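Summary of structural features
Chain by chain, the residues run as shown.
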Amino acid sequence: MKYIDKSSVPIPNILTTRGVEETKKNTAKYKANKAKYTSDTPATRTTKKYTVADSFNIDEKIYGHDDVKNALINLQKKCCCFCESRITHISSGDVEHFRPKQGYSQDNSDMFHKPGYFWLAYDWSNLLFACERCNRRYKKNLFPLKNTANRCNPRRSFNISKEKPLFIDPSKVDPAIHITFRKTTVTHKTQEGDITIRELDLNRGDLEEMRRDSYTAIEALMNIYERDRGTPNETDSKTKFRDALNEKLNKTAQYTMMFRCNFENYIQEFGIPQIRN
């Protein structure tokens, strides 16, 4: 996972035109009959009967339009916003809503609450590119907060400023604040890091295996360089290690955070610049 600077590209036109129009329509529908789109919550239900709330008509052809998806793919260098795997050669991937559009759950044991963050369905700041596994199998409609009492209540306001999500939004904050790597294993620094790693299963076997394949080759070059320090082979070993490490830290590479966390001393020694995306 690495920081995604969304301010570096223009917002796709379809979001500011058709997206805005559809948001206004859904907002008007909601304000006209809030109960119709609201399911019972633990704070309001008085019986064991749950209200079946309607869903909004949210058009995938707008938020998933080629202009939107391609902008995210190019911005994220074809990598998933969560697992940082490059995926476009094997999968089309998903346009992911960080705040779920139709409804949400605090955790896997929680009920599905409606409405979701429908007013952000076409909002550029709420959209990311993700692999199907991270998005559909793990994140789904989960959106945990540190304090559920601060969750935005659209019956009163669409203001989300008091929310403190427990998932890391890589377009809002540098993930390095919350997570780090010990070799190929991602570990947490904060509660947000812990929840993100656990709920998205960022140490799942196949993913860690992919990271390991990439890591071991660099580690081998590091060991050769350390072995050759002070010998006639040092310059050649250093060049090979430095060039390979620089390649793994290229802005188009995958798993760059893993390499930055594990080889920080060498990055400084070789003067490899920090590139965020």
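The text that follows walks through the structure, step by step, so that each part is easy to find.

Analysis parameters
- Residues numbered from 1 in each chain as written.
- Predicted model: local features only at pLDDT ≥ 70, side-chain atom pairs only at ≥ 80, totals over all residues.
- Heavy atoms only, no water.
- Helix = DSSP H or I, 4+ residues; strand = E, 2+ residues; numbered from the N terminus.
- Buried < 20%, exposed > 50% of the residue type's maximum accessible area, 1.4 Å probe, protein only.
- Areas by Shrake-Rupley, 256 points an atom, 1.4 Å probe, with all protein chains shown as cover.
- Lys, Arg positive; Asp, Glu negative; His and termini not counted.
- Charge placed at Lys NZ, Arg CZ, Asp CG, Glu CD.
- Core = buried A, V, L, I, M, F, W, Y, C linked by side-chain atoms within 4.5 Å.
- Contact = heavy atoms within 4.5 Å.
- Expected span 1.5 Å × (residues − 1).
- Bend = angle between axes of the 7 residues up to and from the residue.
- Salt bridge = Lys/Arg side-chain N within 4 Å of Asp/Glu carboxyl O.

Details of the overall build of the protein
- The helix and strand tally for the protein stands at 9 helices and 4 strands.
- Listing each helix as α and each strand as β along the protein from the N terminus yields α-α-α-β-β-α-β-β-α-α-α-α-α.
- Considered along the principal axes of its C-alpha atoms, the protein spans approximately 80 × 40 × 30 Å.
- Within the protein, buried positions represent 48% of all 277 residues.
- Here the protein displays about 14300 Å² of accessible surface, and carbon together with sulfur accounts for 47% of that area.
- Where the 48 positive side-chain charges of the protein centre and where its 36 negative ones centre are 6 Å apart.

Overview of the nonpolar core
- Within the largest apolar cluster, 69 residues are counted, with the highest numbers of intra-cluster contacts made by Phe241, Leu245 and Phe263.
- Those residues within four positions of Leu245 in sequence are excluded, and the remaining contacts are Ile218, Phe259, Phe263, Tyr266, Ile267, Phe270 and Ile272.

Comments concerning helix H1 (residues 13–32)
- For H1, with 20 residues, the first-to-last C-alpha span of 28 Å sits near the 28 Å given by 1.5 Å per residue.
- Of all the bends in H1, the largest measures some 35° and sits at Gly19.
- Within the span of H1, buried status applies to Ile14, Leu15, Gly19, Glu22, Thr23, Asn26, Thr27 and Tyr30.

Quick word on the pattern of salt bridges
- In the structure shown here, the tally under the stated rule is 18 salt bridges.
- In this structure, Lys25 and Glu22 form a salt bridge, with 3.3 Å as the shortest nitrogen-oxygen distance. Of the two residues, Lys25 and Glu22 are both situated in helix H1; the distance of 3 residues between them amounts to about one turn of the helix.
- Among the residues examined, Lys25 registers a relative accessible area of 48% and is labelled partly exposed.
- Exposure remark for Glu22: the relative accessible area of 17% places this residue in the buried category.
- Notably, a salt bridge pairs Lys183 with Glu219, separated by 3.3 Å at the nearest N-O pair. Taken together, the positions of Lys183 in the loop between strand E3 (179–182) and strand E4 (185–188) and Glu219 in helix H6 (residues 205–228) put the pair 36 residues apart, joining distant regions of the chain.
- You can call Lys183 partly exposed: its relative accessible area is 46%.
- One connected set of salt bridges, linked through shared partners, spans Asp194, Arg198 and Glu199.

Any link to function would need more than the numbers given here.
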